[in-house]
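These are the residues of each chain, in order.
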Amino acid sequence: MIRYIRAYLRAFAETVRFEPLLVPVAVLLAVCMGAKPFVNIYFSARIVAELSGTPETDALVLLVAVCLGLNFLLQLLQDALTPTFYMLRSRLYEKERMAVEHKLFRLDFAKLEDSSFQELVHLHTESMDRIFSAFVQLCWMFKDFLTGLVTLVCAAALIWPLLRLGVTKTGDGFLHSPWFLAVLGLGIAVSVVVILHLSGKTSRIWFHSNERYGRLNRLFRRYRDLLADYNSGKEVRLYNERPLIEKEATEQLLSKGEVILRETSQQSAAASAYIAVVGALVGFGVYTFIGAKASLGLFDIEALVRYIGAFMQMISGITAIATTLGRHAELLPNLEYYFRIVDTKSDMVYGDKEIALDAVEVEFRDVWFKYPSAKDYTLRDISLKIGRGERLAVVGRNGSGKTTFIKLLCRLYDPDRGAVFVNGVDLRDLSCECVTRLFSVVFQDFKLFALTVSENVACGEDADERKLAESLKSAGVLERIERMEKREHTPLYKDLDRDGVEISGGEAQKLALARALYKDAPVVVLDEPTAALDPVAEHEIYKQFNRFVEGKTAIYISHRLSSCRFCDRIAVFRKGALVQHGTHDELVCADGEYKRLWDAQAAYYIEELAQ
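Cut-offs applied
- Residues numbered from 1 in each chain as written.
- Predicted model: local features only at pLDDT ≥ 70, side-chain atom pairs only at ≥ 80, totals over all residues.
- Heavy atoms only, no water.
- UniProt positions renumbered as here; feature names shortened; annotations may be inferred.
- Buried < 20%, exposed > 50% of the residue type's maximum accessible area, 1.4 Å probe, protein only.
- Helix = DSSP H or I, 4+ residues; strand = E, 2+ residues; numbered from the N terminus.
- Contact = heavy atoms within 4.5 Å.
- Core = buried A, V, L, I, M, F, W, Y, C linked by side-chain atoms within 4.5 Å.
- Pairing = 2+ DSSP bridges.
- Axes fitted to C-alpha atoms, helices over the stretch in contact; angles between N-to-C directions.
- Salt bridge = Lys/Arg side-chain N within 4 Å of Asp/Glu carboxyl O.

The protein chain goes by ABC transporter ATP-binding protein in an unreviewed UniProt entry, where it is assigned to Candidatus Fimenecus excrementigallinarum. According to its UniProt record, the protein chain has this under Subcellular location (unreviewed entry): "Cell membrane".

A. Region of the structure containing helix α12 (residues 402-409). Counting buried positions along α12 yields seven of eight residues, so the element is predominantly enclosed. Turning to α12, its buried residues number three or more, namely Lys402, Thr404, Phe405, Ile406, Lys407, Leu408 and Leu409. Two residues or fewer after α12 comes Arg411, characterised by a positive phi angle close to 55°.

B. Quick look at the environment of Ala521. Tracing the chain through its elements places Ala521 in the loop between α17 (505-519) and β7 (523-527). Note on Ala521: relative accessible area 2%, which makes it buried. Separated by 85 residues in the primary sequence, Ala521 and Thr436 have C-alpha atoms spaced 9.1 Å apart. In contact with Ala521, other than residues within four places in its own chain, are Arg437, Leu438, Phe439, Ser440 and Lys552.

C. How the structure looks around the nonpolar core. Among the nonpolar cores identified, the biggest contains 48 residues, and Leu92, Phe117, Phe135, Leu331, Leu335, Tyr338 and Phe339 are the most heavily contacted of them. Broken down by element, the residue count for this core peaks at 12 residues, all from helix α3 (residues 57-106). Ignoring sequence-local partners within four residues, the contact set of Tyr338 consists of Glu14, Arg17, Phe18, Glu96, Ala99, Val100, His124 and Phe135. Ranked by size, the runner-up nonpolar core spans 42 residues in total, among them Met484, Ala516, Phe548 and Val588.

D. Fine view of the sheet that holds strand β8 (residues 553-557). Ordered by their spatial adjacency, six strands build an open sheet running β6-β7-β8-β3-β9-β10, and the pairing between neighbours is mixed. The open sheet has two edge strands with one neighbour each: β6 (439-442) and β10 (577-582). Averaged over all pairs of adjacent strands, the angle between their axes in this sheet comes to 15°, without regard to strand direction. Taken together, the four bridges between β6 and β7 define a ladder with parallel strand orientation. In the sheet register, Val442 faces β7, and the bridge partner there is Leu526. The strands touched by α12 are β3 (391-396), β6, β7, β8 and β9 (569-574); relative to β8, the strand with the most contacts, the crossing angle is about 150°.

E. Structural context of the pattern of salt bridges. Evaluated as defined, the whole model comprises 24 salt bridges. Two residues, Lys143 and Asp144, come together in a salt bridge whose shortest N-O distance is 3.3 Å. Since its relative accessible area comes to 6%, Lys143 is described here as buried. According to the relative accessible area criterion, Asp144 is partly exposed, its value standing at 21%. Shared partners join several salt bridges into a network, and the residues in it are Arg397, Arg574, Glu593 and Arg596.

Below, the structure is given as structure tokens:
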């Protein structure tokens, strides 16, 4: 119980922080919706009483006018508040998403790569797709709860005289004794408990079913995106993969998903039927109680109409409150998904030191590292110094640790043992802003966005035109951009703009290179920067880069060893260890890993030339 209370108090505090007006609007809307039925109950009883006697036209007109006027005012207020409630609710949904996205952006990269954290983010995303945000659901339940509470209070006020009659003996027999009211009250209390239990059970059923169905739906959406994505459309069509995708996605959703939904619907229907039966039994008891008192002539026709209407509204209010409270079994886990994400702490601690960004020396000292979920070390005892303005090539087979080496350099991860130094300062002692300014990186899995060329390269709306043109030229893509209708203001891809331009993989890679050049950081890191380019284009790119990165510390990762010859030194990795380092001429003459790789690639090209 304490856990529930803390979770809901925190959720309300977060809701008020996001949308301060939402709770007051929900309260006013609940008051209008809860009170409006009692206007008709009260004035209907007065009108019936007036008609049962000697009706006076003026009195009837006044009663009808007041009833219509109050209904009009309450309906007008409700109509004004409802769209405001929906608008604030939609904004709350977006702000919850933004809060999560803001948290994800600021978290350590290691957290984003953690599979358990990724699963948590998926669960939160699916819950938002399913129930339209936990906070929105909370506000909806809060409004329904208050509506039921207002209904209960108004009903109690109207039937108070009848309850006073019920606690006194008004005649012979059980129906006229105070015990009947006690039994009726006990029956209502039991019905509340039963409804709470059934509602909570139904809520848990829906939650677990939605989790199971959500996994299938995630698979379906993934395969659906493959069918819709033009990038994967070539393979789907050429290899006729549609039947496989349909079998893996559609059939599972229709078969397993149908079973899940059928079971859930049957269990929910059974619970709803039980609730209806309980409500009918309580209603029968209420009518019996009112009928027993009316048979003795203890109240007139006006009171009879008022009591019947108010008592049934009371049952409706109690049911609404119990049903709303029972839904916490589904709501609470969804709230916890959000709070677990926003409460996730970054493990990396930054210092406050700053260093000059003109010339940078990098040194790895006895660095060991393994990924959090891995058993074996990815990097083992790496010691390497990269001098100011030096060009270093990092080579090795797939899985040798090259990209991990770059991740540690850029402080996406911290070493388990040893340290990385920049100009003699431990990377962990530098400020976050200083580390960010140090590196211009192009990873092999780089991303461009559905924004303009200028925004993709400059990473902002205001770009330096001269610097932008120079970066595009150095990356070998300026002529292509100048042929576009809007030049550097041309949007890429058609995701957000129907006039967006679809660019090739090689052109995208050149734009990613231009982005690294535009940043003009003292350390340039290129992880397979020319994998999508042909050898001629690759040669031209490296010629431009040599000129552009002159005086900078540059690190290149490449599988094409011929691309490494222009570098000052080459570091050779094998199974997470630094096995060789030196110049190309030194390494190719030595008997080691580099020579084996070089000979293997040279033999391939010689064979190609012979053919």
